[in-house]
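# Examining the three-dimensional arrangement
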Amino acid sequence: MTTAVSLKAITRRFGEVLALDAIDLDIAEGEFFAMLGPSGSGKTTCLRVIAGFEQPSSGELSIFGQRAEGVPPYKRNVNTVFQDYALFPHLNVIDNVAYSLMLRKVPVAERYSQAEAVLDMVKLAGYGMRRPGQLSGGQRQRVALARALVNQPKVLLLDEPLGALDLKLREQMQEELKSLQKRLGITFIFVTHDQGEAMSMADRIAVFNLGKIMQVGTPEEIYLKPASRFVADFVGSSNVLPPDFVARTTGKASWASLRPEAITVTAGAGQPDLTGTVVARNYLGATTRITVDLGGQRLHAVLPSGAGVPLEGSVVTVDFDPSALHRMDDTP
Ligand code: ATP
């Protein structure tokens, strides 16, 4: 497997701020890779270092085996799609897309035929003569994508590419981006703070916090086996259980995460440590999420909606298979 992008001990300081703290990361050719994390965690800086808009303070960056520190963005085999799309408002769609080909002095006819082929690819055939202001948000997003793809980059960097779109359009574009990436086989690296988006699109996810990568893994690994409380909290609506609770219910103390869907709930009191009161009940459609207070420890459970879901205020006993408990070390 070829490594597309490799970071070794990449650090980026802005004065006092350590935006990237000795990041090690290898991204394989053809991967759809997500950088996920809260605001200020360093993901955009990491993307900008790969793009060449930002230089690392120290460390090594390689793109397809070539050292890239100091190489200007346009000489790297990467292209960036910005969150605000950065389209030229005074140029029509086809000229926006063909712009970089013009800079590279590609002959006019060739330029337009390549731009049209890419517009077709992003389902915008026939929109070439419109100005960006005459398009919907989703269509502008596709123009931004086309403008990057026309350069046939080996790596496409996407900074919150769907951030400006409403939920329905976002979900539609998530599917389209994913299928486009599979079809083209280009390495996609995208930044998002939306865990659902990262989960649904990426082959692998790096979870950032405070300039560090807390965990890298497939969506399943990150969801089912979070490496730390931070990852468990950030990535899912998981229950993060403290050592004393885990010791009381399983006999062995450690931090643990427990997915709400792994919990069963029955009406009435049972084993004292697992008996509690329903304090919240949220209908989500096919499922209902309830919160059970077990003498101060709250547990969220997700149950199939229907008559079996206990009412708020009722006494219930929770249960779970001990194998559903994922134990974590003491890393916060
Ligand atoms: P967001 O989701 O809000 O974009 P992020 O995870 O992408 O956040 P970065 O933009 O990479 O985070 O920022 C990481 C840290 O570096 C933040 O504390 C930010 O304030 C700081 N930072 C980023 N760019 C600069 C800059 N040009 N000058 C000074 N500090 C910066």
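Our structure's up above, just so we're on the same page.
These numbers come from a predicted model, not from an experiment.

A separate point is the pattern of salt bridges. What the rule picks out here adds up to 15 salt bridges. A salt bridge links D21 to K212; the shortest N-O distance between them is 2.7 Å. Of this pair, D21 sits in strand β2 (residues 17-28) while K212 sits in strand β10 (residues 212-217), placing them 191 residues apart in sequence. For D21, a relative accessible area of 23% puts it in the partly exposed group. Close ionic contact of E54 with R48 constitutes a salt bridge, the shortest N to O distance being 3.3 Å. Linked through salt bridges whose partners overlap, the residues forming this network are R12, R48 and E54.

Our focus in this paragraph is the packing of aromatic side chains. Each pair of aromatic rings is reported with the distance of its centres and the angle of its planes. According to the stated counting rule, one finds five aromatic pairs in the structure shown. Seen from their ring centres, F32 and F190 are 5.3 Å apart, and the 90 degrees between their planes marks the pair as edge-to-face. Highlighted residues: F32 in strand β3 (residues 32-36) and F190 in strand β8 (residues 187-192), separated in sequence by 158 residues. Pair check on accessibility: F32 and F190 agree, each one buried. Through pairs of rings, three or more aromatic residues link up here, namely F32, F188 and F190. Note that R147 overlies the ring of F88, its terminal NZ or CZ placed 5.7 Å from the centroid. Positioned above the aromatic ring of F64 is the side chain of K154, whose terminal nitrogen or guanidinium carbon lies 4.1 Å from the ring centre.

Bridge count between strand β9 (residues 204-209) and β10: five bridges; the pairing is antiparallel. Looking across to β10, one finds that N209 is bridged to K212. The turn joining β9 and β10, which pair antiparallel and follow one another in sequence, is formed by two residues; a positive phi near 50 degrees is taken by L210.

What follows is about the sheet that holds strand β11 (residues 239-241). Overall, antiparallel pairing links the three strands, which are arranged β11-β12-β18 in an open sheet. Because the sheet does not close on itself, it has two edges, and the strands there are β11 and β18 (326-328). Across this sheet, the average inter-strand angle for adjacent strands is 25 degrees, counted without regard to direction. As defined by bridge partners, strand β12 (residues 255-258) adjoins β18 across three bridges and the pair is classed as antiparallel. Looking at β18, one finds that A256 is bridged to R327. Its contacts with the sheet place helix α9 (residues 243-250) against β11, β12 and β18, and it is angled at close to 85 degrees to β11.

If you look at the biggest cluster of nonpolar residues, it comprises 44 residues, and the most contacted ones within it are V97, L145, L149, L156 and I205. Among the elements that make up this core, the one with the highest residue count is helix α4 (residues 137-149) (six residues). Beyond its immediate chain neighbours, meaning those up to four positions away, L149 contacts V118, M121, V122, L156, L180, L184 and I186. One finds I10, I23, I27 and L61 within the second-largest nonpolar core, a separate group that totals 25 residues.

Conventions adopted
- Residues numbered from 1 in each chain as written.
- Predicted model: local features only at pLDDT ≥ 70, side-chain atom pairs only at ≥ 80, totals over all residues.
- Heavy atoms only, no water.
- Salt bridge = Lys/Arg side-chain N within 4 Å of Asp/Glu carboxyl O.
- Helix = DSSP H or I, 4+ residues; strand = E, 2+ residues; numbered from the N terminus.
- Buried < 20%, exposed > 50% of the residue type's maximum accessible area, 1.4 Å probe, protein only.
- Phe/Tyr/Trp six-rings, centres within 6.5 Å; stacked < 30°, edge-to-face > 60°.
- Lys NZ or Arg CZ within 6 Å of the ring centre and 35° of its normal.
- Pairing = 2+ DSSP bridges.
- Axes fitted to C-alpha atoms, helices over the stretch in contact; angles between N-to-C directions.
- Contact = heavy atoms within 4.5 Å.
- Core = buried A, V, L, I, M, F, W, Y, C linked by side-chain atoms within 4.5 Å.

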